[in-house]
Amino acid sequence: MKIKLKAIDLFAGCGGLMDGFEQSGLYSTIAAVEWEKAPCHNLKERLKTKWNYKDAETRVLQFDIQRTDELFNGWNDSEYGKSNGLDNLVNNAKGIDIIIGGPPCQAYSIAGRVRDKYGMKKDYRNYLFESYLKVVQRYKPKAFVFENVPGILTAKPKEKPIIDIIQEKFIKNGYYLLPNLKDAIIDFSEYGVPQNRSRVIILGLNSAYFGSDNCEKILKSFYKEILPSYKVEKKKTVREAISDLPKLYPLNHEAKYMGKRISHSLPEPFVANHVARWQSKRDIEVFRLLTNDIESGKNEYTTTDSLKKLYTQVTGKVSNVHKYYVLRWDEPSNLIPAHLYKDGLRHIHPDSKQLRTLTVREAARLQTFDDDYIFYGSNTDTYKMIGNAVPPLFAKCLANAVYRIINGE
């Protein structure tokens, strides 16, 4: 039986990365750090009910990682409650093998930089990696995994690119990173995720553990041979991911579920998190037009310009980006984002009879969360958590590949 490696998950969210590492059976989650309440509740439930951690309440640390001294030593706080801190968990575990996670990506996102009048240059999240680094400095794991959007490679909040600062600081602290991190951009759809989603996956190696002369060779092998060995032969489609879920049809009468109005039937048999959000009659008619257009083969509304014009006709508003998009059955989905919670108009279900946007369960399926992961919280909480997560299926591939590196295989 292989020895499990001890892991800390930083900026854990609802634990997509952690869940994949747990699925591999090769890691034990010593701690998960996250500052938002809803993701922490989901993390605790997942660790307890799926991964059988009886002390999940202690292992999940709801706290602001920027307050690193308190994070390490413990806190008694009106907002975050009380904890003995990260040092206590690490000392009880007798050390840490790997740190995983990724700071919030909004400051590095190209779309975010376009929308922000300062180009996100004044956003404090540009420097949250420094808190991640402090945890690495303190526990000196054999390796770390740092995940973020490709936009991190071009973000430049000051005179120097942020990625250069990140590389320099980790190297200064004894960790070797791939010199050209463009080679660390990974297309998750190549690993069985039914979604067009690419991320930068930075594997950092402890030079003292692996040997300074070996790190470059090991990392080249990791990115060119070991991780790619987990690629699938054929990309997974939307149809394969969600078509077996119960169908949800528009209602012709007013109805409520759990105190909220609904516009569509409930699933039969019931599937957790698979309830359609309320849709206006206007949106339902737009969905009918768009899905019938594709099913009929007319394809009058499949270009960006045609969709922008339709949006203006329907709403009287002008948008620089097209607001409508119907998922295609036989392709991977478009990106599942955190802002899916706002309206979902760019994630319209492809069935012309259902006339709705994606449910939480469908978004979770496209992010490769298992159906036994039950999401707790409001629609805002759940869509946001799912969109921010690393797909567990890719995380499992990553976990297996990293284990081979750390074990010298």
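Residues numbered from 1 in each chain as written. Predicted model: local features only at pLDDT ≥ 70, side-chain atom pairs only at ≥ 80, totals over all residues. Heavy atoms only, no water.

Novice: Any chance you could break down the overall build of the chain for me, citing the residues and the numbers?
Specialist: Tallying secondary structure elements over the chain gives 16 helices and 12 strands in all. Computed over its C-alpha atoms, the radius of gyration of the chain comes to 22 Å, within 12% of the 22 Å expected for a compact globule of 409 residues. With the C-alpha coordinates aligned to their principal axes, the bounding extent of the chain is approximately 65 × 45 × 40 Å. Per element, the accessible surface of the chain, about 19300 Å² overall, is 48% carbon and sulfur. Taken as two groups, the 62 positive and 49 negative side-chain charges of the chain have centres that lie 2 Å from each other. (Helix = DSSP H or I, 4+ residues; strand = E, 2+ residues; numbered from the N terminus. Rg over C-alpha atoms; globule rule 2.2 N^0.38 Å. Areas by Shrake-Rupley, 256 points an atom, 1.4 Å probe, with all protein chains shown as cover. Lys, Arg positive; Asp, Glu negative; His and termini not counted. Charge placed at Lys NZ, Arg CZ, Asp CG, Glu CD.)

Novice: Talk me through the pattern of salt bridges; I want residue IDs and the actual numbers.
Specialist: Per the counting criterion, the structure on display carries 22 salt bridges. A salt bridge links lysine 50 to aspartate 372, with the shortest nitrogen-to-oxygen separation between them at 2.9 Å. Of the two residues, lysine 50 is situated in the loop between helix H2 (37–49) and helix H3 (56–59) and aspartate 372 in the loop between helix H14 (360–366) and helix H15 (379–388); the sequence distance between them amounts to 322 residues. Judged by its relative accessible area of 29%, lysine 50 is partly exposed. In this structure, glutamate 130 engages lysine 169 in a salt bridge whose closest nitrogen and oxygen atoms are separated by 3.1 Å. Of this pair, glutamate 130 sits in helix H7 (residues 129–139) while lysine 169 is found in helix H8 (residues 162–172), placing the two residues 39 residues apart along the sequence. Taken together, the shared-partner salt bridges in this structure form one network comprising Asp19, Arg46, Lys50 and Asp372. (Salt bridge = Lys/Arg side-chain N within 4 Å of Asp/Glu carboxyl O. Buried < 20%, exposed > 50% of the residue type's maximum accessible area, 1.4 Å probe, protein only.)

Novice: Would you mind going over the state of the cysteines in detail, with residue names and values included?
Specialist: Inspection of every chain in the model, using the stated rule, returns zero disulfides. With no disulfide of its own, cysteine 397 lies 18 Å from the sulfur of cysteine 14, the closest cysteine sulfur. (Disulfide = S-S within 2.5 Å.)

Novice: Describe in detail empty space enclosed by the protein, supporting the description with residues and values.
Specialist: Following the criterion strictly, the structure yields one cavity of 30 Å³ or more and no others. The space that makes up the largest cavity amounts to roughly 40 Å³. Forming the walls of the largest cavity are Ala7, Asp9, Met18, Phe21, Tyr27, Ser28, Thr29 and Ile100. Residue assignment for the lining of the largest cavity shows that the elements contributing at least two residues are strand S1 (5–10), helix H1 (16–23) and strand S2 (27–34). For the lining of the largest cavity, the class distribution of residues is five nonpolar, two polar and one charged. (1 Å grid on protein atoms, 1.4 Å probe; cavity = no way out; pocket = protein on both sides within 12 Å on 5 of 7 lines; lining within 4 Å. Points joined across faces, edges and corners; volume = space filled by probe spheres on them. Nonpolar A, V, L, I, M, F, W, Y, C, P; charged D, E, K, R; others polar.)

Novice: For the pairing of S1, give the residues involved together with the corresponding values.
Specialist: Of all the six residues making up S1, five are buried; the element is thus mostly covered by neighbouring parts of the structure. As defined by bridge partners, S1 adjoins S2 across six bridges and the pair is classed as parallel. Across the sheet, alanine 7 pairs through a bridge with threonine 29, a residue of S2. This β-α-β element, S1 to H1 to S2, shows right-handed connectivity. Here four bridges tie S1 to strand S6 (residues 98–101), and the two strands are oriented parallel to one another. For alanine 7, the partnering residue across the bridge sits in S6 and is isoleucine 98. (Pairing = 2+ DSSP bridges. Right-handed = clockwise from strand over helix to strand, strands pointing away.)

Novice: Outline the packing of helix H5 (residues 86–93) against H7, supporting the account with residue identities and numerical values.
Specialist: Packing of H5 against H7 brings their axes to within 12 Å, and their N-to-C directions diverge by 35°. The element H5 and its partner H7 pack so that their crossing is right-handed. From H5, Leu86, Asp87 and Val90 reach across to H7, where they touch Val135, Arg138 and Tyr139. For the contact of H5 with H7, the per-class residue count stands at four nonpolar, no polar and two charged. (Axes fitted to C-alpha atoms, helices over the stretch in contact; angles between N-to-C directions. Left-handed = near helix turned anticlockwise from the far one by under 90°. Contact = heavy atoms within 4.5 Å.)

Novice: Give me the pairing of strand S12 (residues 260–264): which residues, what numbers.
Specialist: Bridge count between strand S11 (residues 250–257) and S12: four bridges; the pairing is antiparallel. Bridge assignment links proline 250 to a residue of S12, and that residue is histidine 264. Linkage of S11 to S12, two consecutive antiparallel strands, is achieved through a turn of two residues, within which methionine 258 is found at a positive phi near 55°.

Novice: Mind laying out the layout of surface pockets, listing which residues take part and the relevant values?
Specialist: It is a probe the size of a water molecule, rolled over the atoms, that shows where empty space is left. Approximately 520 Å³ is the volume attributed to the second largest pocket. Going through the elements one at a time, S12 and H15 are the ones with two or more residues in the lining of the second largest pocket. Looking at the lining of the second largest pocket residue by residue, the classes come out as 11 nonpolar, five polar and three charged.

Novice: Could you give an account of the nonpolar core, naming the residues involved and the relevant values?
Specialist: Ranked by internal contacts, the top residues of the largest apolar core, which has 79 residues, are Leu86, Phe144, Phe394 and Leu398. With 10 residues, helix H16 (residues 392–406) is the single largest residue contributor to this core. The contacts of leucine 86, once residues within four sequence positions are left out, are Ile8, Ala31, Leu61, Leu71, Phe72, Val135 and Tyr139. Val238, Ala241, Leu327 and Ala389 belong to the second-largest nonpolar core, a separate cluster that totals 21 residues. (Core = buried A, V, L, I, M, F, W, Y, C linked by side-chain atoms within 4.5 Å.)

Novice: Outline the environment of lysine 37, supporting the account with residue identities and numerical values.
Specialist: Secondary-structure assignment places lysine 37 in helix H2. For lysine 37 and leucine 133, which are 96 residues apart along the polypeptide, the C-alpha to C-alpha distance reads 24 Å.

Novice: Could you give an account of the packing of helix H12 (residues 281–296) against helix H13 (residues 304–315), with specific residues and numbers?
Specialist: Contact pair H12 / H13: the axes reach a minimum separation of 12 Å and the direction vectors enclose 150°. By the angle between their directions, the pair H12 and H13 is classed as roughly antiparallel. Every pair of crossing elements has a handedness; the one defined by H12 and H13 is right-handed. Between H12 and H13, the residues in contact are Arg282, Val286, Leu289 and Leu290 and Leu307, Leu310, Val314 and Thr315, respectively. Of the residues assigned to the contact of H12 with H13, the class counts are six nonpolar, one polar and one charged. (Parallel < 35°, antiparallel > 145°, perpendicular 65-115°, else oblique.)

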